[in-house]
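Tertiary structure, described
Each chain, written out:
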Amino acid sequence: MNLLLINGPNLNLLGQREPSFYGTTTLVDIEQQLRAKAEAEGVSLDCFQSNFEGALIDRIQESMGVVSGILINAGAFTHTSIALRDALLGSAIPYVELHLSNTYSREPFRQNSYLADHAVGVITGFGAFSYLLALDGLMAYLRRTQSA
Ligand code: DQA
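Description of the structure in this document. Note that the structure is predicted; figures quoted are calculated from it, not measured.

Cut-offs applied
- Residues numbered from 1 in each chain as written.
- Predicted model: local features only at pLDDT ≥ 70, side-chain atom pairs only at ≥ 80, totals over all residues.
- Heavy atoms only, no water.
- Axes fitted to C-alpha atoms, helices over the stretch in contact; angles between N-to-C directions.
- Helix = DSSP H or I, 4+ residues; strand = E, 2+ residues; numbered from the N terminus.
- Parallel < 35°, antiparallel > 145°, perpendicular 65-115°, else oblique.
- Contact = heavy atoms within 4.5 Å.
- Nonpolar A, V, L, I, M, F, W, Y, C, P; charged D, E, K, R; others polar.
- Buried < 20%, exposed > 50% of the residue type's maximum accessible area, 1.4 Å probe, protein only.
- Near = heavy atom within 4 Å.
- Polar contact = N/O pair within 3.5 Å; in protein donor to acceptor, adjacent residues only side chain to side chain.
- Salt bridge = Lys/Arg side-chain N within 4 Å of Asp/Glu carboxyl O.

In contact at an axis separation of 9 Å, helix 3 (residues 53-62) and helix 4 (residues 82-91) are set at 5° when each is read in the N-to-C sense. Between helix 3 and helix 4, the interaxial angle falls into the category roughly parallel. Along its contact with helix 3, which presents E53, L56, I57 and I60, the element helix 4 presents A83, L84, A87, L88 and S91. Looking at the contact of helix 3 with helix 4 residue by residue, the class counts come to seven nonpolar, one polar and one charged.

As structure tokens, then:
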């Protein structure tokens, strides 16, 4: 099983950025934790972060036929990007949407997601732990559907 973790804009600043919403764990730490968990499960995991919408879309397109599932924290593009939605749907790769903060407890514009309705599931509000929960959810989904 090959999985891909995608982080969108400003998530490279985790650890420094608005810690009351996003905590103090850095993206490097999160990626390390996730890689360790994936490895323990016998799963391969690549990590990619970009502040550019087109680079995220390119990476999704390049994943077709290579990656069996995607974990994505699209940051603010979650709430704005039809192009990112189209890339995910066009790839037909199952994905889990995740967020550190509880987007439903924040500004109204964060309550819309262009990704959620086609996601396997959505994890929001558990800080860095959201990533681990999302990985568990995606692996369980893929094991269930791939062995069916
Ligand atoms: C976020 C929530 C988004 O609304 C915000 O734009 C982010 C981070 C989160 O992980 O809580 O950049 O995706």
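Before going further, it helps to examine the environment of F21. Tracing the sequence through the fold places F21 in helix 1 (residues 19-22). Overall, the relative accessible area of 36% leaves F21 in the partly exposed class. Spatially, the C-alpha atom of F21 lies 18 Å from that of S113, the residues being 92 residues apart in sequence. The contact partners of F21, leaving out residues within four places of it in the chain, are S101 and R106.

Here we come to the site of the ligand. All residues in the neighbourhood of the ligand are listed as R17, Y22, N73, G75, A76, H79, H99, L100, S101, T103 and R110. One of the backbone N or O atoms of A76 is found 3.2 Å from an oxygen atom in the ligand. Measuring from an oxygen atom of the ligand, one finds a side-chain N or O atom of S101 at 2.6 Å. Broken down by class, the residue content of the shell around the ligand amounts to three nonpolar, six polar and two charged.

Enumeration according to the criterion identifies six salt bridges in this entry. Two residues, D136 and K37, come together in a salt bridge whose shortest N-O distance is 3.0 Å. In this pair, D136 sits in helix 5 (residues 129-146) while K37 sits in helix 2 (residues 27-40), placing the two residues 99 residues apart along the sequence. Given a relative accessible area of 36%, D136 falls into the partly exposed group. Measuring nitrogen to oxygen at the nearest pair gives 2.7 Å for the salt bridge that ties R85 to D117. With R85 in helix 4 and D117 in the loop between strand 4 (95-99) and strand 5 (121-124), the pair connects residues that are 32 residues apart, well separated along the chain. Judged by relative accessible area, which is 54%, D117 ranks as exposed. Within this structure, R106, E107 and R110 form a network of salt bridges that share partners.

By themselves, these observations are geometric and do not establish any function.
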